[in-house]
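# Structural description and commentary
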Amino acid sequence: LHMNSPRAGKPFKVLNCAAVSENLLESELFGHVKGAFTGAVADRKGLIAAADGGTLFLDEIGDMPLPMQAKLLRTLDTGEVLPVGTNDPQYFDVRIVAATNHNLQELVRTGSFREDLFYRLHGQGAIHLPPLRARREDIPVLIQYFIKQANEENGTEFAGLSSEAMRKLVNCNWPGNVRELRN
């Protein structure tokens, strides 16, 4: 989405919402000023501001805590970021792309995900990508891509897999989806 858009020459930033503690998530997204908390020895730009003009990919947004969802929603609605420790807003222009392995509609139903944020994120549309086990025809294409990528990164010339190895990989369940296949 980013590379095939007018924003392609602008920053592309990524945040895995499940990999950052709730305490650090606000600072990661919005930044902070020196002295805002213990250990904040200098001003730090958040990922939203760092992606200004480009795209911010929020991976595993379904794991974002509710208080942060409210702050993200306000930021999306106003186009401003309030770094931790200041009352001076910063304005930005960033495309937010979000992904999750959770069913967000179910999380909304159970109260674990804000309904207003769900609809705000879906405002430009949603792409449902079934798990790898439901689209086995993609596996050989992905394997060839990963082999090409590994060859480029490592200076190798691995040609590919035997038909028997390919058959076994296509028939795996892949609970870890594409990440597991790549590994």
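Being a predicted model, the structure only gives us computed values, none of them experimental.

### Here we look at the overall build of the chain
Helix and strand counts for the chain stand at eight helices and seven strands. Sorting the 183 residues of the chain into buried and exposed places 35% on the buried side. Partitioning the intrachain contacts of the chain with sequence separation of at least 6 by distance along the chain shows that 66% fall at a separation of at least 24. Surface accessibility of the chain: about 11300 Å² in total, with carbon and sulfur atoms responsible for 51%. In the chain, 20 positive and 22 negative side-chain charges are present, and the distance between their average locations comes to 2 Å.

### Quick notes on the nonpolar core
With 28 residues, the main nonpolar core has L29, I48, L56, L58 and F113 as its most contacted residues. Those elements that provide at least two residues to this core are α1 (22-30), α2 (47-50), β4 (55-59), α3 (66-78), α4 (104-110) and α5 (115-121). Counting residues in each nonpolar core, the second largest holds ten residues, with I143, F146, I147 and W174 among its members.

### Details of the environment of Q90
As for its placement among the helices and strands, Q90 is situated in strand β6 (residues 90-91). Judged by its relative accessible area of 38%, Q90 falls in the partly exposed class. In sequence terms Q90 and G79 are eleven residues apart; their C-alpha atoms lie 8.4 Å from each other. Leaving out residues up to four positions away in the same chain, Q90 has contacts with A49, G79, E80, V81 and P83.

### Side note on the pattern of salt bridges
In total, this model carries 13 salt bridges according to the counting rule given. One salt bridge connects E106 with R109, and the closest N-O pair in it is separated by 2.5 Å. Here E106 and its partner R109 are both found in helix α4, three residues apart, which amounts to about one turn of the helix. With relative accessibility at 34%, the residue E106 sits in the partly exposed group. Here K148 and E152 are joined by a salt bridge, their closest N and O atoms 3.5 Å apart. Remark: E152 and K148 occur in helix α6 (residues 138-154); sequence separation between them is four residues, near one turn of the helix. According to the relative accessible area criterion, K148 is exposed, its value standing at 53%.

### Details of unusual backbone geometry
Its identity is not glycine, yet E60 carries a phi of approximately 55°, on the positive side. With a phi close to 55°, N177 is a non-glycine residue in the positive phi region. Counting through the fold element by element, N177 comes out in helix α8 (residues 177-182).

### Section: the sheet that holds strand β7 (residues 95-98)
In spatial order, the strands read β1-β4-β7; together these three strands make up an open sheet with parallel pairing. Of all strands in the sheet, those bounded by a partner on one side alone are β1 (12-16) and β7. Between one strand axis and the next, the sheet turns through 20° on average, direction left out of account. As paired elements, β4 and β7 share four bridges and run parallel to each other. Bridge pairing links F57 to V97 in β7.

### Regarding the packing of α6 against helix α7 (residues 163-170)
It is at 9 Å that the axes of α6 and α7 come closest, and there the two elements cross at 120°. In terms of axis orientation, α6 runs oblique to α7. Crossing angle aside, the handedness with which α6 passes α7 is right-handed. Along the contact surface, α6 presents I139, P140, I143 and Q144, while α7 presents M166, L169 and V170. Taken together, the residues of the contact of α6 with α7 sort by class into six nonpolar, one polar and no charged.

Rules used throughout
- Residues numbered from 1 in each chain as written.
- Predicted model: local features only at pLDDT ≥ 70, side-chain atom pairs only at ≥ 80, totals over all residues.
- Heavy atoms only, no water.
- Helix = DSSP H or I, 4+ residues; strand = E, 2+ residues; numbered from the N terminus.
- Buried < 20%, exposed > 50% of the residue type's maximum accessible area, 1.4 Å probe, protein only.
- Contact = heavy atoms within 4.5 Å.
- Areas by Shrake-Rupley, 256 points an atom, 1.4 Å probe, with all protein chains shown as cover.
- Lys, Arg positive; Asp, Glu negative; His and termini not counted.
- Charge placed at Lys NZ, Arg CZ, Asp CG, Glu CD.
- Core = buried A, V, L, I, M, F, W, Y, C linked by side-chain atoms within 4.5 Å.
- Salt bridge = Lys/Arg side-chain N within 4 Å of Asp/Glu carboxyl O.
- Pairing = 2+ DSSP bridges.
- Axes fitted to C-alpha atoms, helices over the stretch in contact; angles between N-to-C directions.
- Parallel < 35°, antiparallel > 145°, perpendicular 65-115°, else oblique.
- Left-handed = near helix turned anticlockwise from the far one by under 90°.
- Nonpolar A, V, L, I, M, F, W, Y, C, P; charged D, E, K, R; others polar.

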